[in-house]
Amino acid sequence: MEIGVPKESKDQEFRVGLSPSSVRVLRENGHSIFVQTQAGNGAGFSDDDYRSAGAEIVPTSETAWNRELVVKVKEPLTSEYKFLQKGQILFTYLHLAADRKLTENLIDCGTTAIAYETVEQPGANRLPLLTPMSVIAGRLAVQFGARFLERQQGGRGVLLGGVPGVQPGKVVILGGGVVGTEAAKIAVGMGAIIQILDVSVERLSYLETLFGSRVELLYSNSAHIEAAVKEADLLIGAVLVLGRRAPILVSRELVKQMRPGSVIVDVAVDQGGCIETLHPTSHTNPVYVEEGVVHYGVPNMPGAVPWTATQALNNSTLPYVVQLANLGIKALEVNPALAKGVNVQNHRLVHPAVQEVFPDLVN
């Protein structure tokens, strides 16, 4: 099969769909890989690295996209819609619940669109292709939050770890899944005061075995959210509802009650976000101030560490890519986890969670 790897076009997105080591595995399986020139530069992989692995370097996005299987990292942007075509398999993060325009274009063009974030291991509610980026995003959320709490960055000048005689900063995390757990690990390491709120008592019990008394664990309801958010120096949105738009948990009125110069990092922004005042930003312009609070809403946070993130992503995606390359669309019949990742196929919106978001697009 011919496999295309375009250069990512999202602002400062330096990850790449396939690493040279992944290309080598696919070549050993008899496939032809076409990598757009400089697609891997930002992640530390040169065109020569790809050539050595057996790829052909092509000059333009169009020549990389014009293949049976296209492997990317982020969703196609408007400028790439013209490359979508019937009979093509697209394998990437999509987050369609927050992007009606892309959803409509995928339906119109007839591409089979498989989203990394909805590939799901049957019976275990495991998201093997979302997890590695969630780990990175969770860890970066605290790293970026600490940075923008600095006075020179617009924050209120709080050191999360504090010093002897001065109280540490307080980190409030909405959601105790992978993102929230990883954020808490970094915040614990920094010495912050930490609260995690989640609606699953079972998950909170697990987190107690992980963190003990080092983290305060609260059942997530409106009263607990309101009390915690008001006192937060760093508020992290880490909510995930599989395939659906994230629910708004923090209203504008509540944001107004936060201390001036506090920081919000909403990792759920690629699914619409869980903070009313937060909208997507970019690595070029990552923050803005609203209601006196610094808002960080970069939807592709792991793009900041592309060398690490590309390899972590490929470690998880490669077996699925090999299966798609070897079997084509029949791979969906063989692998139920991969089949659950299909969002659009044969001009139809097929993923149940996305159908709930856009019921008028279901036919």
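Residues numbered from 1 in each chain as written. Predicted model: local features only at pLDDT ≥ 70, side-chain atom pairs only at ≥ 80, totals over all residues. Heavy atoms only, no water.

Section: the packing of helix H1 (residues 20-28) against helix H10 (residues 306-327)
Phase 1 of the analysis: Across the interface, H1 lies against H10 with an axial gap of 10 Å and an inter-helix angle of 25°. Relative to H10, the element H1 is oriented roughly parallel. The way H1 lies across H10 gives a crossing that is right-handed. Across the interface between the two elements, Ser22, Val25 and Leu26 from H1 touch Asn314, Leu318, Val321, Val322 and Ala325 from H10.
Phase 2 of the analysis: For the contact of H1 with H10, the residue count by class is six nonpolar, two polar and no charged. (Axes fitted to C-alpha atoms, helices over the stretch in contact; angles between N-to-C directions. Helix = DSSP H or I, 4+ residues; strand = E, 2+ residues; numbered from the N terminus. Parallel < 35°, antiparallel > 145°, perpendicular 65-115°, else oblique. Left-handed = near helix turned anticlockwise from the far one by under 90°. Contact = heavy atoms within 4.5 Å. Nonpolar A, V, L, I, M, F, W, Y, C, P; charged D, E, K, R; others polar.)

Side note on the sheet that holds strand E13 (residues 293-296)
Phase 1 of the analysis: Spatial ordering of the open sheet is given by E9-E8-E7-E10-E11-E13-E12, a layout of seven strands whose pairing is mixed. One side of each edge strand has no neighbouring strand; the edge strands of this open sheet are strand E9 (216-219) and strand E12 (287-290). Neighbour to neighbour, the strand axes of the sheet diverge by 20° on average, direction disregarded.
Phase 2 of the analysis: As paired strands, strand E11 (residues 263-266) and E13 are joined by three bridges and run parallel to one another. Among the inter-strand pairings, Val265 is bridged to a residue of E13, identified as Tyr296. (Pairing = 2+ DSSP bridges.)

Remarks on H10
Since there are 3.6 residues in each turn of an α-helix, residues three or four apart along the chain are aligned in direction.
Phase 1 of the analysis: Taking 1.5 Å of rise per residue, the 22 residues of H10 would be expected to cover 32 Å, and the 29 Å separating its terminal C-alpha atoms lies within 8% of that figure.
Phase 2 of the analysis: Taking the largest bend as the criterion, H10 deviates by roughly 50°, centred on Thr317, and proline Pro319 comes between one and four positions later.
Phase 3 of the analysis: Count one or two residues on from H10 and you reach Gly328, which has phi positive near 65°. (Expected span 1.5 Å × (residues − 1). Bend = angle between axes of the 7 residues up to and from the residue.)

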